[in-house]
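# Observations on the three-dimensional arrangement
Spelled out, the chains give:
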Amino acid sequence: MARGCPADTDGWLQSSSAPRFRRMAAMSLAPPGTKSLSIGAVPVGLPFVQAALSGYSDWPMRVIARRLGAPYTLCEVMLDKFVVDVTRGSKARRYLKVTDEEHPVGGQLMGAEPERFGPAAKILVDAGFDVIDINFGCPVKKVLGRCRGGFHLSQPDVALEIVAAVRSAVPEPIPVTVKMRRGIDDSQESRAKFFQILDGAFERGVAAVTVHGRTVMQRYVGPSRWDFLREVKQHLGERTILGSGDLFSPQNCLDMLDETGVDGCTVARGAIGNPWIFSQCAALARGEPLPDPPSLFEQREVIHEHYALADETYGAKRCCPMMRKFGIKYSRLHPQAVEVRDAFVKVRQPGQWQEVLDRWYGEDLPGVHPPAEPEIAGTPGGVACESSNS
Ligand SMILES: Cc1cc2nc3c(=O)[nH]c(=O)nc-3n(C[C@H](O)[C@H](O)[C@H](O)COP(=O)(O)O)c2cc1C
């Protein structure tokens, strides 16, 4: 198993701490004018959901997103083999952790051979995931080299065998969904294969498909093509389509719904270190102005809570490196973003995390909205997706 793969990690505690800040469960009711999202028989509510993010959307991140208003979250992708090999008592079981407050939550699978998906999907259902999502999108070289993730967009027959295998393995009320990029590349052949898989997946009973408007070859360079999302939605009519790509602000999410007609938005990089984006989307959907960014005390409380959940999940030793990358993202909401980012980067011991909070979040100043742009250099996609999926 490669570096950073879920099976490589250690530390697992069962108990879960109580939420210390106000839950936003009521937010999940879609306001008038915004169509409520359902995935098959699973009601979601507000159409602004937390995307699958390898290396990020673990149990702590999902719980925080949920408490702050995400009506549905997706676990980071897991390899079919990894899921099947997890044994009772194994530390890797923390990746299958689902708690009551999370529902509905999706588990996502990736692999190469169709026959391996069914058993893994059943394990995810037994673990408590409400939706089983299949990854046909990961663009990482090593993943493609092993015929996983986005590679399946080049072989519709195998992709559809996987869909059929998962659909028949999973109990009927549990929705199966698919995550796809808009193709391997920009060729006509790739486009034809995309639609073959898309239509074939619905024929085989998937409840929804999430489309990321970039190609596999594009990875994270260049824009996500929302015009393609619109075309997909028009092609499918009433079928449920979620859109992905370039959702960095609440307004981006509203714009995607408006411009493409998709049924929901999966917020990815825009939600890392900014779980407030979900309640901000809800406010805009209600026709209200964009709420102020959270104050430094509000941020401190959430960052502290996130750290406590990670500590509970990974143990003190693993928690620091896990949380550093989140701290760097949270720092973008601080008026002195660069200094705070540098402070989080230097954290090596648990006590140092608290020192950063005391030093930089000790006064209740107004926060700032993070820049609504992707990070051009060193986009986390390559790094994190590679670490978990190989
Ligand atoms: C760090 C990182 C990890 C990701 N991991 C996954 C994953 O596990 N499963 C998945 O379907 N997509 C994954 N994606 C893709 C995102 O869900 C999303 O489709 C993509 O980032 C485009 O949205 P954005 O431009 O708004 O970030 C990942 C993206 C990033 C940046």
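Residues numbered from 1 in each chain as written. Predicted model: local features only at pLDDT ≥ 70, side-chain atom pairs only at ≥ 80, totals over all residues.

This paragraph deals with the overall build of the protein chain. Regarding its fold elements, the protein chain presents 13 helices and eleven strands. A fraction of 71% describes how many contacts in the protein chain between residues 6 or more apart in sequence connect residues 24 or more apart. (Helix = DSSP H or I, 4+ residues; strand = E, 2+ residues; numbered from the N terminus. Contact = placed C-beta atoms within 7 Å.)

Right, let's get into the packing of helix α1 (residues 59-67) against helix α10 (residues 296-330). One way to put it is that α1 packs onto α10 with a least axis distance of 8 Å and a crossing angle of 145 degrees. Here α1 runs over α10; the crossing is right-handed. Facing Trp59, Pro60, Val63 and Ile64 of α1, the residues of α10 in contact are Val302, Glu305, His306, Leu309, Ala310 and Thr313. Along the lines of polarity and charge, the residues of the contact of α1 with α10 split into seven nonpolar, two polar and one charged. (Axes fitted to C-alpha atoms, helices over the stretch in contact; angles between N-to-C directions. Left-handed = near helix turned anticlockwise from the far one by under 90°. Nonpolar A, V, L, I, M, F, W, Y, C, P; charged D, E, K, R; others polar.)

For helix α7 (residues 226-236), every residue scored as buried is listed here: Phe228, Leu229 and Val232. On an axial view of α7, the arc spanned by its buried residues comes to 105 degrees, and they lie on one face. Exposed side of α7, more than 90 degrees from the buried face: Asp227 and Gln234 are the residues found there. Close packing links the buried residues of α7 with α6 (188-203), β9 (208-212), β10 (240-244) and α8 (250-260). Of the residues one or two after α7, Gly237 is the one with positive phi, at around 60 degrees. (Buried ≥ 20, exposed ≤ 12 C-beta atoms within 10 Å, placed from the backbone. Arc of directions from axis to C-beta.)

Now for the site of the ligand. Neighbouring the ligand are 25 residues; Ala52, Ser54, Val77, Ala268 and Arg269 lie closest to it. Take the shell around the ligand: its biggest share by element is four residues, from helix α13 (residues 380-389). (Near = placed C-beta within 6 Å.)

Below, the discussion takes up the nonpolar core. Of all hydrophobic cores here, the largest spans 112 residues; its most connected members are Leu109, Ile132, Val166, Met180, Val209 and Val267. No other element matches the 14 residues that α10 contributes to this core. The residue makeup of this core includes at least three contributed by each of domain 1 (23-290) and domain 2 (296-360). (Core = buried A, V, L, I, M, F, W, Y, C linked by C-beta atoms within 7 Å. Domains from an automatic or database assignment.)

Within the protein chain, residue pLDDT values average 89, and 87% of them lie at 70 or more. Below pLDDT 50 for its whole length, residues 376-390 participates in 37 contacts with residues either more than four positions away or in separate chains. (pLDDT = per-residue confidence, 0-100.)

The next thing to look at is the environment of His103. In this fold, His103 is placed in the loop between α2 (80-85) and β6 (105-110). Separated by 25 residues in the primary sequence, His103 and Gly128 place their C-alpha atoms 8.6 Å from one another.

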